[in-house]
Amino acid sequence: MSVLVLFIFLMLIFSFVFLFKIEKGLNRWLGLMSVGSFAWALYSIFYVAKLDRFQSAPQKIFYIHVPSAWISFFAFFLVFIFSVKYLFSGRTKDDLLANSFAEVGVFFNTLVLITGPIWARPIWGVWWTWDARLTTSLILWLLYVGYLMLRSYVDEFERRARLSAILGIFAFLNVPIVHYSVLWWRTLHPAPVVIRSGGMADLPISMHIALWSSCLSVLLLFIFLVRKRFNIGELLNKF
Amino acid sequence: MSYVISAYLIFYVSIFIFSARTVLRCNILEKKIKENKRIDGISE
């Protein structure tokens with residue numbers, strides 16, 4: 001385990017130097033803060049958070065799986081907001097923002113779909129099962145991959161922006177279904193364990209520290225990536 | 001334990017590759033646009 005942590009720390013140090021050299025202004029500070037918070041999150045996950053009594057080591061996957069899922073839902077919510085905004089305003093900026101949120105959201109959602117089965121195998125005994133949460137999550141991923149494919153296939157700007165805005169609005173309807181699937185149907189996937197309708201769950205404080213540190217690092221990375229992806233969109237429009 | 005190692009390796013390496021790709025793509029585009037502007041300036 002310490003070899004893994006050391007390897008990731010080395011990767012983070014390399015990223016820190018790389019970002020410091022290549023980035024400027026706010027992006028540099030966002031990137032550096034993100035790398036720093038990832039280092040702290042990694043430390044808190046492996047050296048602060050207690051080992052779960054029932055699941056033991058595989059429970060550590062929780063600290064990367066859950067923040068990735070939350071940030072992808074947040075990204076898809078923002079795709080929805082900016083798609084609606086685009087349909088009303090017709091501004092290029094809104095379309096570019098929706099695209100940036102979708103691309104970064106799909107990236108994090110892909111990580112959810114990869115880390116989920118790796119966690120499921122030692123706990124459930126299977127990599128994948130067609131239960132409500134897993135199936136709706138896969139549909140969600142396919143919808144937003146479809147969104148990105150649509151954007152790459154349609155060349156005409158206005159048509160592409162309008163069609164993808166409509167798809168961005170309809171695709172978001174699946175997000176509440178994914179969230180409530182564990183409550184509406186009987187699933188192998190557990191019900192929400194961090195935030196419940198009655199407030200915060202009874203997790204040990206050390207687990208809360210690790211989880212929220214990981215959430216902060218993922219959020220900072222998300223902001224950084226969306227800003228960069230938005231810059232790319234603006235630059236491509238200049239060509 | 002191997003499941004945890006696999007999950008964390010995939011998570012961090014994917015983030016590293018995706019971020020590096022995004023940053024480099026942005027910087028290459030910026031350079032290309034600067035270059036195009038410089039060439040336009042010379043031709044005028």
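Residues numbered from 1 in each chain as written. Chains lettered and ligands numbered in written order. Predicted model: local features only at pLDDT ≥ 70, side-chain atom pairs only at ≥ 80, totals over all residues.

Summing up its helical and strand segments, chain A has eight helices and two strands in all. Ordered by position from N to C terminus, the α and β elements of chain A give α-α-α-α-α-α-α-β-β-α. For 239 residues, the compact-globule formula gives about 18 Å, and the C-alpha radius of gyration of chain A, at 19 Å, lands near that figure. Expressed along its principal axes, the backbone C-alpha trace of chain A runs to roughly 55 × 50 × 30 Å. Counting across all 239 residues of chain A, residues that qualify as buried make up 36%. Intrachain contacts of chain A at a sequence separation of at least 6 include 76% that bridge at least 24 residues. (Helix = DSSP H or I, 4+ residues; strand = E, 2+ residues; numbered from the N terminus. Rg over C-alpha atoms; globule rule 2.2 N^0.38 Å. Buried ≥ 20, exposed ≤ 12 C-beta atoms within 10 Å, placed from the backbone. Contact = placed C-beta atoms within 7 Å.)

Turning to the confidence of the model for chain A, a few remarks are in order. Residues with a pLDDT of 70 or more make up 97% of chain A, whose mean pLDDT is 91. Element-level mean pLDDT values for chain A span from 61 in strand S2 (residues 199-200) of chain A up to 96 in helix H3 (residues 62-89) of chain A. (pLDDT = per-residue confidence, 0-100.)

Do not read the predicted coordinates in detail wherever pLDDT is low. Averaged over every residue, the pLDDT of chain B is 89; the share at 70 or more is 95%. Here the predicted complex carries an ipTM of 0.90, next to a pTM of 0.92.

Let us now look at the nonpolar core. A:Ala75, A:Val79, A:Ala98, A:Phe101, A:Tyr144 and B:Ala7 are the most contacted members of the largest nonpolar core, which totals 60 residues. Of all elements in the fold, only helix H1 (2-22), helix H2 (25-48), H3, helix H4 (92-124), helix H5 (132-153), helix H6 (157-172) and helix H8 (205-238) of chain A together with helix H1 (2-43) of chain B reach the threshold of two or more residues within this core. Counting residues per element, this core draws most heavily on H4(A), at 14 residues. (Core = buried A, V, L, I, M, F, W, Y, C linked by C-beta atoms within 7 Å.)

Here we come to the interface of chain A and chain B. In this assembly, 28 residues from chain A lie in contact with 24 residues from chain B. Those elements that place two or more of their residues in the side of chain A that touches chain B are H1, H4 and H8 of chain A. When residues in the side of chain A that touches chain B are grouped by element, the largest group, nine residues, is from H8(A). Its residues assigned to classes, the side of chain A that touches chain B comprises 20 nonpolar, three polar and five charged. (Nonpolar A, V, L, I, M, F, W, Y, C, P; charged D, E, K, R; others polar.)

Quick look at unusual backbone geometry now. Where the residue is not glycine, phi is negative for most of them; where a peptide bond is considered, it is trans in most cases. With a phi angle near 60 degrees, A:Ser56 is a residue other than glycine that sits in the positive phi range. Here A:Ser56 shows up in the loop between H2 and H3.

Residues and elements named next belong to chain A. Where H4 contacts H6, the axes come no closer than 11 Å and their chain directions differ by 50 degrees. Taken together, the axis directions place H4 and H6 in an arrangement best described as oblique. Handedness of the crossing formed by H4 with H6: left-handed. Of the residues in H6, those in contact with Asp-95, Ala-98 and Ala-102 of H4 are Ala-161, Ala-165 and Gly-168. In the contact of H4 with H6, the residues fall into four nonpolar, one polar and one charged. (Axes fitted to C-alpha atoms, helices over the stretch in contact; angles between N-to-C directions. Parallel < 35°, antiparallel > 145°, perpendicular 65-115°, else oblique. Left-handed = near helix turned anticlockwise from the far one by under 90°.)

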